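Observations on the three-dimensional arrangement
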Amino acid sequence: MEWIEGLPKIELHCHLDGAVHPQRIRDFLAAEGTPLPQNFDARISVGEDCPSLTEYLRCFELPLRWLQTTQGLQTAVCDLLRDCKTQNIRYIEIRFAPTLHLDGGLSYEQVFQALKEGRDRGEGETGVRCAFLVCAMRHHSMEQNLAMLEAAAKWHPDLVCGCDLAGDENAFPTASHQKFFYRAAELGIPYTIHSGETGNAANIETALALNAKRLGHGIAMKDLPALRAQVKAQGVGVELCPTSNFQTKASTGWEDYPLKSYLAEGLVVCLNTDNPTVSRTNLNREYARAMIEGGCTKGEILRLLDNACTMSFAPETWKQSYREELAQFAAQTET
Ligand SMILES: [Zn+2]
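Here the focus is the nonpolar core. If you look at soluble globular proteins, the nonpolar side chains tend to sit buried side by side. Membership of the largest hydrophobic core comes to 102 residues, with the highest contact counts inside it found for Ile92, Phe112 and Leu259. No other element matches helix α8 (residues 142–153), which puts 7 residues into this core. Membership of the second largest hydrophobic core comes to 7 residues, among which are Tyr56, Phe60, Leu64 and Val278.

Written as structure tokens, this is what we have:
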């Protein structure tokens, strides 16, 4: 565990509304005069006994109610960057759906400005480098998602490093959102797409056809060698989130989890938390689980981090400095 904690790390799949500190929500409800729900813990997080993705998604309701002001957004970003620092995370791509933060009257401009201020303050305080991935929502209209993208494009590449599509994969397949990604490509904004989290391999095929740089989860191709070969040939990254995948029943457990097999096949795969608060996890825990329960060697853990660097949307100069730091750590701790 000491070795894991000391590793310089990268987090590429982490949702802002899934990372809110429970105390912030308690304070918010108290300030609103709303009594704390009796089942508060179960309203914001799940355990391994989580019955389904539906139950999992319910945990975002309270955090999203808090994240409707510039103050709330800034605070959440700073809190997350402080969490990163305590875990030796050097770089994080935080994802969020801008359109879900307009309910309190904020404009897109105000949302991005708040995130920029939170990012600047948090980076200054912690030294953790941070950029944002904007999520279009599958249940939103094309007009809504395109309007969000145009607003986000003004903040690319400094604040917004890429985009994504989130929400119910089965009810709203990626194929009906192709226009969004055509426009992102026109704007020069790279994208990762939530694909194959809940058994839907067709969404992985669509993501490949759209030239996505990365797949969020990509579990559905674990028994489809031809599809994996295509992912490998296109050099598409795979963002695995073990604890979250077990809780949402995307995977039944480590014995069935494709981490080792994806690595062995040479897929560019890395580990992530998805939602630290909702999943009651952090990145150190995900890496420790991969070693202890998933059977990964130190060499494989280092490869996962090198992969994360490769598939990140960070500038090449930063990638170079991270690789040097990782190599130095590996050399120093070699036994
Ligand atoms: Zn996700």
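Let's pick the thread back up.
Right, let's get into the coordination of the zinc ion. Donor atoms from the polypeptide that coordinate the zinc ion comprise His13 (NE2), His15 (NE2), His194 (NE2) and Asp274 (OD), at 2.1 to 2.5 Å from the metal. What the 4 donor atoms of the zinc ion show is an angle range of 82 to 168 degrees at the metal, which sorts the shape as irregular. Read from N- to C-terminus, the donor residues coordinating the zinc ion fall into the pattern H-x1-H-x178-H-x79-D. With His13 in strand β1 (residues 9–15) and Asp274 in the loop between β8 (269–271) and α14 (283–292), this residue pair connects regions lying 261 residues apart in the sequence. Across the pair, exposure class does not vary: His13 and Asp274 are buried alike.

All chains considered together, the criterion is met by 24 salt bridges. Asp79 serves as the salt-bridge partner of Arg82, at 3.2 Å between the closest nitrogen and oxygen. Residue Arg82 and its partner Asp79 are located together in helix α6 (residues 70–86), separated by 3 residues, close to a single helical turn. Here Asp79 falls in the buried class, since its relative accessible area comes to 4%. The partner of Asp164 in a salt bridge is Arg95, with the nearest N and O atoms 2.9 Å apart. Of this pair, Asp164 sits in strand β4 (residues 160–166) while Arg95 sits in strand β2 (residues 89–96), placing them 69 residues apart in sequence. The same class applies to Asp164 as to Arg95, namely buried. Residues participating in the shared-partner salt-bridge network are Glu93, Arg95, Asp164, Arg214 and Glu239.

Strand pairing in a sheet is mediated by backbone hydrogen bonds. Such pairs are either parallel or antiparallel. Pairing is parallel across the open sheet formed by 4 strands, whose spatial order is β1-β2-β3-β4. A single partner strand is all that each edge strand has here, and the edge strands are β1 and β4. Neighbour-to-neighbour, the strand axes of this sheet turn through a mean angle of 25 degrees, independent of strand direction. Bridge count for strand β3 (residues 129–137) against β4 is 6 bridges, and the pairing is parallel. Paired with Val134 across the two strands is Cys163, which belongs to β4. Set on the sheet, helix α7 (residues 108–126) makes contact with β2, β3 and β4; between it and β3 the angle comes to about 155 degrees. Contacts between helix α16 (residues 316–332) and the sheet are confined to β1, β2 and β3, with β2 contributing the most and set at about 130 degrees to the helix.

The rules behind these values
Residues numbered from 1 in each chain as written. Predicted model: local features only at pLDDT ≥ 70, side-chain atom pairs only at ≥ 80, totals over all residues. Heavy atoms only, no water. Core = buried A, V, L, I, M, F, W, Y, C linked by side-chain atoms within 4.5 Å. Buried < 20%, exposed > 50% of the residue type's maximum accessible area, 1.4 Å probe, protein only. Helix = DSSP H or I, 4+ residues; strand = E, 2+ residues; numbered from the N terminus. Donors = N, O, S within 2.8 Å, 3.2 Å for Na, K, Ca; no water. Tetrahedral: all angles 85-135°; square planar, octahedral: opposite > 155°, others 65-115°. Salt bridge = Lys/Arg side-chain N within 4 Å of Asp/Glu carboxyl O. Pairing = 2+ DSSP bridges. Axes fitted to C-alpha atoms, helices over the stretch in contact; angles between N-to-C directions. Contact = heavy atoms within 4.5 Å.

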